[in-house]
Amino acid sequence: MGNARRDGLGASNVALLLLKTLATASECFPPLKSAADVTVQIVTLVKDFKANQRDWKDFGAYVQDIVVCVIEHMSIIDLSKDDLRQRLAKFLDCLQKIHENIKSLRSQSVAKRLFEWTKDSQQIDDMRKKLSESLTLFQLEINIGTRADVAKLLESLRVEDVGKVVEAANRKLTDKIVLNSNLEKLQYVKSASWNKNRACLPGTRTSLINEIMSWAHDKTDRSNTVEIYLLSGVAGSGKTSIAHSIAQRCFEEKLLLSSFFFHRETAGLNVPDGFITTLARDLGRVNSSIAESIAFAVEDDPALALAHSMSHQFQKLIIEPLRVYPVDMPLLIVIDALDEGFNKDFLTILCEDVLHLPPMIRIFVTSRPEDDIMRHLSTKSSHIYRHSLDIHDSNNRNDVLIYIRHLLHEIAVRLKLGESWPTDDLIEELATKSEGLFIWASTVINYIEKSLSPEDTLLSILSESTTSLAPGKKMDGLYENILGRCNWDDVGFVKGYNLLMGTIMALRTPLSISAIRVLHSTSDARLIDRIMDSTLGSLLPTSSDVSRPLQVLHLSFRDFVTTRAGPPYFIDQKSHSQRLALLCLRILNETLQDDIPGTGYLLETELGLDDYCTIPTVSSDHISEGARYACRFWIEHVLDIQSPSEELQSLLATFLNRNIIRWVEVMISLERYQRWIPIWEWIKENLSSTPVDVDFEAEFARSVHQASVCLRGVGRFEEALESIHEAVELRRGLFAKSPDRFILDLSSSMNLLCLRLADLGQHADALKICCENLAFRRTLVQQIPDSEAYNLDLARVLTNQSVLLIFHGELEEALESIQEASRLYDRLADTDSSPEFQWDHAKSLNNLSLRLSDLGRWNEALQAVQQSVALFRQHCDASPLLSKSALAMTLSNLSNCLSNIGRHVEALGVIQESVDLYRQLVKGNRFTGELAMSLNNLSSRLLDVGENEQALVTITEASDLYRKLVECHPAAYTLHLAKVLNNQSNVLSALGRQRDALVAVQEAVKIYRKFPRLPPIYRPDFTKALNSLSTCLSDVGQHENAITLLLEAIQLNDENDLADEDRRSLLPRSELAMSFNNLSSVYSGTSQPDEALDAAQRALELYRKLAAEHPTSYRQQLATALYNVSEYQCAAGRRGEALEAVEEAITIYHALTLELPTVYSADLKDAEGLRENCLRLQYEEGTA
């Protein structure tokens, strides 16, 4: 009956059902599915053998159960996903060879089988041996020597478990949600892709395109490495059109891996930062295995999503996935206009790093022949083939002829110029004058089309002598020709040319013609419109869509007018940037002078009371494209000015005094926080007198401070830190001018800076700022001891210091700080009844409770947190949002305190109220972290009262919330996720789901190990996770690994290996003692009594020291350690020592039970039972 299933199926049938479920699953990791499928085929094939039927049937069942055993244990194998997938592929290869071998035997003729069947036994033994050897890949510490051994391992497998086993194994290998989430972290520059509308005209460039496509298709390993085809050519020779054509052809023929078209004037396309991440996303589409490999790399190292080191990024996201899963078909990467977006690192990748790619990868690059590019991509490198476009080549000239004929005939049809225009002679003459330069032909035809008389314009151009010039000079000559036809005697035209072209050249990012109009006055806007309709419009791409960004036809024109052109064509970018500074300030003053819905909150919100402000939405309908540009770039344009005019100073003074705070609000809502200090330094250096007074500076600094509060409230931690840094700098300047007036403001901002640094894990910097502020505050209090304001501010700083000391593991010092703060609050409470003070007082009481709990002083902690909750409830009407958040936080702590003293039902009700409050507050990322931690605590309380299933639902929600937060702010939330995963493992263990518990705690430990210098406050959590992982491994029979993990936990907390500041902390010694205690249990469970007793005695020694230093904090742990030592000594026959230890434990448990009977009564009973057992054994030995 031991092997029976509840539905009556035998072990073999359940195993086969699992395999068939996997083999037919639609959503399954391919190698896992293949392993199941080939195993089912093996089981089916062996049934057809007539000779040695029993041996073959047993072998088939053995293969079946071996594979099922691996699948069932898949979720607990301690290997990375990538490593496990590679090993599974090797295991699959072994199964496939066995399958082929059996198929070969089955296909033998009857006559041959008559002679060969006697060798079946040897064949089966050989295949069994190979299969057993392949199992070592998975590092499973299980006995699988015989069919009986395997069957025993599968005894617990039930039909109803099949779906869970399949899901767990598949999740271990691939998690599509996580996979897609990780891939989406990689920037994908969509605007960088190819465009069929920009490809070459059909019938042109055919020989060159065919040559490139033949090279791309070639499957021979000519150089046994990747190859680069560099197509270089002068500006305007048609390189980009060729690149679009190649990309289009490769896409149609399924050869295109990725394409990236650089463009100097387009943000995101003028730097290579997004190239590798875009390529990685495209590479992930080649096959799911590569996608998973890339996703796992991002999961292991989230910083890969940022281009801090392009070479490292390329190695991890491109080279390593292709090394494991090399492609066996040609794939092409298209890179256009390299000269418009390269840097040295990117050239190094093309020159060196790409050599590590598979030879089937090809890279097609176009570029102008710039020195740096030509030097790095030299033909001396065997993997680089260079082709220079010869614009004078007969094929190229013929292509230009076809291109010109096509476009001129389109003009003739569109403008109804008749079938006789243009004649072949005119077309050929124009093609000859182009001298093979496509951009020249394109610009001329655009000019002809825009002219009033295309026929006359064509004849005029043909009459000009521009032959035999270098390409650059030829384009310059063409631009001079077109510009020279403009009416430069017209003052209006000259002004309009400078307005339009100057604006286009000076803009930091392209704007639409409608936005350019908005930036200018009504008369100037009309002038710009007339210029667009003039001959000058032929040098700009036209579109009926006035919202489309306006750019010059070709970069060669920008180069010409800003560097080589003489008067009147020359455009001075710097002077026009200065003009744009005026335009930006003017439009900002006009736009921001009116109330804009969603602004005003930085002025209205009361500082110090509401710690969780929000950021209202500012609709883009209220901010035009031109005004939005001005918001984003006015500072850059002003910084270009060295001698500010009176007009600029006047506009700037108006902006600063009336509109700057609303500008900050708009930027935060529509873009991101923009640093202010650079322009403040410029004002001080370039203006004889500051256009604002001290009151303005104070008000602005206050708003920047408040911006940090609001940004943090919506989860924008990095921007919150940027803004409070600037608030501190501004207030330092104000303090230098008037110390008495601004000392409290500076202290407030420094306090907030500490918190924002701590949000991002920068605890050392935060504590440094806090200590500076504290010394500052103490000096002031010493000078004016009776100042309520100074004493209150000192109390706030002490409260923050207490929190920060915890991150350094200094528990006693943290308690001292918060106790000093509490004494100050108690003293001030008689004279200050304001809601702000009461909120601060309640918060300090909650922090006091937390610090007392850290040291095991549960009753004192409970008393403090109850006072805190009472204060928050008393003043909830002052600020409902604040009170709810603060009350929810304090209730969570109250629940923990109640749980610590065994009042579990009360604790559950309290934490449920905390969760309910946070659910009311959550919006976006706001309060999500607080809700997640409160849910984590709720899960623990549910476990306390036996509601295990609901505990799992709750802890799963908490972990899901933290995963989302980690995606946005990994530095702030990753370690919180690890803590919750460990707790999730505990819940799963309580439900008997040991394998799922193991998976969760393995992920937690993996996270902790990513931090080489883990902050001391997180070391206990890491130690707990190592202990949990050890327990999980021990539960599945991996005792050696369990012991190894406990030894790691011991080394982690070993005083000899700690830094001085860590050695002073209680935390390492406490966690060290816990780890020794658990180590003794594992040794005991593996029949190593001497080692178990030694570990238990080490734990007892540590707990004695801790209890001596802190009598009220470690009594329970000391009693437990005494109990364990007594138990092991009794088992070792050392009855007298055992009785002595257990008597001491009973004494401690008696005292604890008097204080908390519901918590310690059971422990006291167990200790008394152990004493009775020791006395009985001692008596029996004495009478024997």
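Rules and cut-offs
- Residues numbered from 1 in each chain as written.
- Predicted model: local features only at pLDDT ≥ 70, side-chain atom pairs only at ≥ 80, totals over all residues.
- Heavy atoms only, no water.
- Helix = DSSP H or I, 4+ residues; strand = E, 2+ residues; numbered from the N terminus.
- Buried < 20%, exposed > 50% of the residue type's maximum accessible area, 1.4 Å probe, protein only.
- Contact = heavy atoms within 4.5 Å.
- Pairing = 2+ DSSP bridges.
- Axes fitted to C-alpha atoms, helices over the stretch in contact; angles between N-to-C directions.
- Parallel < 35°, antiparallel > 145°, perpendicular 65-115°, else oblique.
- Left-handed = near helix turned anticlockwise from the far one by under 90°.
- Nonpolar A, V, L, I, M, F, W, Y, C, P; charged D, E, K, R; others polar.
- Expected span 1.5 Å × (residues − 1).
- Salt bridge = Lys/Arg side-chain N within 4 Å of Asp/Glu carboxyl O.
- Phe/Tyr/Trp six-rings, centres within 6.5 Å; stacked < 30°, edge-to-face > 60°.
- Lys NZ or Arg CZ within 6 Å of the ring centre and 35° of its normal.
- pLDDT = per-residue confidence, 0-100.
- Polar contact = N/O pair within 3.5 Å; in protein donor to acceptor, adjacent residues only side chain to side chain.
- Patch = residues over 30% accessible without salt bridge, like charges linked within 9 Å, V, L, I, M, F, W, Y side chains within 5 Å.
- Areas by Shrake-Rupley, 256 points an atom, 1.4 Å probe, with all protein chains shown as cover.
- Lys, Arg positive; Asp, Glu negative; His and termini not counted.
- Charge placed at Lys NZ, Arg CZ, Asp CG, Glu CD.
- Disulfide = S-S within 2.5 Å.
- Core = buried A, V, L, I, M, F, W, Y, C linked by side-chain atoms within 4.5 Å.

## Section: the overall build of the chain
Helices and strands together make up the secondary structure of the chain, namely 52 helices and five strands. Residues classed as buried in the chain amount to 54% of the 1184 residues present. Long-range pairs, those at least 24 residues apart, make up 75% of the contacts in the chain between residues at least 6 apart in sequence.

## A word on the sheet that holds strand S5 (residues 384–388)
With parallel pairing, the five strands of this open sheet are ordered in space as S2-S3-S4-S1-S5. The sheet is open, and its two edges are formed by strand S2 (256–261) and S5, each paired on a single side. Recorded for the sheet is a direction-independent mean angle of 15° between the axes of neighbouring strands. One ladder, built from five bridges, connects strand S3 (residues 331–336) with strand S4 (residues 361–367); its direction is parallel. Paired with Ile-333 across the bridge in S4 is Ile-363. In the packing of helix H11 (residues 239–252) onto the sheet, the strands contacted are strand S1 (227–232), S2, S3 and S4, and the crossing angle to S3 comes to about 160°.

## Concerning the side chain of His-576
One can find His-576 in helix H26 (residues 573–592). Judged by its relative accessible area of 10%, His-576 falls in the buried class. When residues no more than four places from it in sequence are discounted, the contact partners of His-576 are Asn-498, Gly-502, Ala-506 and Ile-571.

## So, the packing of helix H35 (residues 788–807) against helix H37 (residues 835–854)
Interaxial distance between H35 and H37 falls to 11 Å at its minimum, and their mutual angle equals 30°. The orientation of H35 with respect to H37, classified from their angle, is roughly parallel. Seen along the crossing, H35 lies across H37 with a hand that is left-handed. Facing Leu-792, Arg-796, Thr-799, Ser-802, Val-803 and Ile-806 of H35, the residues of H37 in contact are Glu-836, Phe-837, Asp-840, Ser-844, Asn-847, Arg-851 and Asp-854. A breakdown of the residues in the contact of H35 with H37 according to their chemical character gives four nonpolar, four polar and five charged.

## Quick word on the environment of Leu-499
Take Leu-499: it is sitting in helix H22 (residues 491–506). Between the alpha carbons of Leu-499 and His-576 there is a distance of 8.4 Å; along the sequence they are 77 residues apart.

## A look at unusual backbone geometry
Backbone torsion omega between Trp-421 and Pro-422 reads -10°, so that peptide bond is classified as cis. Inspection of the secondary structure assignment puts Pro-422 in the loop between helix H17 (394–414) and helix H18 (424–434). The linkage connecting Pro-567 with the following residue, Pro-568, adopts the cis geometry, with an omega of 0°. Locating Pro-568 in the fold gives a position in the loop between helix H25 (555–564) and H26. Positive phi values are uncommon outside glycine, yet Lys-254 reaches one of about 60°. Secondary-structure assignment places Lys-254 in the loop between H11 and S2.

## Focus on helix H51 (residues 1135–1155)
Owing to its 3.6 residues per turn, the α-helix aligns residues three or four sequence positions apart on the same side. Helix length check: H51 (21 residues) gives 30 Å between terminal C-alpha atoms against 30 Å at 1.5 Å per residue, within 8%. Turning to H51, its buried residues number three or more, namely Arg-1135, Ala-1138, Leu-1139, Ala-1141, Val-1142, Ala-1145, Ile-1146, Ile-1148, Tyr-1149, Leu-1152 and Thr-1153. On its buried face, H51 sits against helix H50 (1115–1131) and helix H52 (1157–1183).

## Remarks on the packing of H22 against H25
Where H22 meets H25, the closest approach of the two axes is 11 Å, and the angle between their N-to-C directions is 115°. Considered as vectors, H22 and H25 are oriented roughly perpendicular to each other. For the pair H22 and H25, the crossing hand works out as left-handed. On H25, the residues that touch Tyr-497, Met-501, Ile-504 and Met-505 of H22 are Phe-557, Arg-558, Val-561 and Thr-562. In terms of residue class, the contact of H22 with H25 is built from six nonpolar, one polar and one charged.

## Considering the pattern of salt bridges
In the structure shown here, the tally under the stated rule is 44 salt bridges. The closest approach of N and O atoms between Asp-476 and Arg-564, which form a salt bridge, is 2.8 Å. Linking Asp-476 in helix H21 (residues 471–484) with Arg-564 in helix H25, this pair joins segments that are 88 residues apart in sequence. According to the relative accessible area criterion, Asp-476 is buried, its value standing at 12%. Taking relative accessible area as the criterion, Arg-564 reaches 47% and is therefore assigned partly exposed. The network of salt bridges with common partners includes Arg-264, Asp-339, Arg-368 and Asp-559.

## Some words on the packing of aromatic side chains
One pass over the structure, following the stated rule, counts 29 aromatic pairs. Taking the centre distance of 4.9 Å and the plane angle of 85° together, the rings of Trp-488 and Phe-493 count as edge-to-face. For Trp-488, a relative accessible area of 17% gives the class buried. Ring-pair connections join several aromatic residues into one group, and the members of that group are Trp-634, Phe-655, Trp-663, Trp-676, Trp-680, Phe-696 and Phe-700. Over the ring of Tyr-62 we find Arg-128; its NZ or CZ atom is 4.3 Å from the centre of that ring. The ring of Tyr-188 has Arg-285 sitting right over it, with the charged end atom 5.2 Å from the ring centre.

## Quick look at the confidence of the model for the chain
Averaged over every residue, the pLDDT of the chain is 83; the share at 70 or more is 86%. For the chain, helix H47 (residues 1060–1063) is the element with the lowest average pLDDT, namely 42, and S3 is the one with the highest, namely 96. Low pLDDT, under 50, characterises residues 1–10; the stretch is placed with 15 contacts to residues that sit more than four places away or in other chains. Here residues 141–150 scores under 50 on pLDDT; set against residues more than four positions off or in separate chains, the count is 27 contacts.

## Points about the environment of Asn-1124
Mapping Asn-1124 onto the fold places it in helix H50. Judged by its relative accessible area of 12%, Asn-1124 falls in the buried class. In sequence terms Asn-1124 and Ala-1099 are 25 residues apart; their C-alpha atoms lie 9.6 Å from each other. In terms of polar contacts, Asn-1124 uses its side chain to reach the side chain of Asn-1077, at 2.8 Å.

## Details of a negative patch on the surface
A surface patch of like charges, here negative, comprises Asp-55, Asp-58, Asp-125 and Asp-126. Contributing elements (two or more residues each) for the negative patch: helix H3 (53–73) and helix H6 (120–134). As for its position among the elements, Asp-58 is in helix H3. For Asp-58, a relative accessible area of 35% gives the class partly exposed.

## What to know about the state of the cysteines
Applying the stated criterion across every chain, the model contains zero disulfides. Left unpaired, Cys-1174 is separated from the closest cysteine sulfur, that of Cys-1130, by 3.1 Å.

## Here's the deal with the nonpolar core
Formed by 279 residues in total, the largest nonpolar core has its most connected members in Tyr-497, Phe-557, Trp-634, Trp-663 and Trp-676. If you tally residues by element for this core, the top one is helix H29 (residues 646–670), at 13 residues. Residue contacts for Trp-663: discarding those within four places in its chain leaves Leu-592, Cys-631, Trp-634, Ile-635, Phe-655, Gln-674 and Trp-676. Listed in part, the 51 residues of the second largest apolar core include Phe-275, Leu-279, Ile-318 and Val-354.

## Digging into the environment of His-376
Counting through the fold element by element, His-376 comes out in helix H16 (residues 371–376). Once residues lying within four places of it in the same chain are set aside, the contact partners of His-376 are Leu-347, Cys-351 and Ile-384. Separated by 3.0 Å, the side chain of His-376 and the backbone oxygen of Asp-372 make a polar contact.

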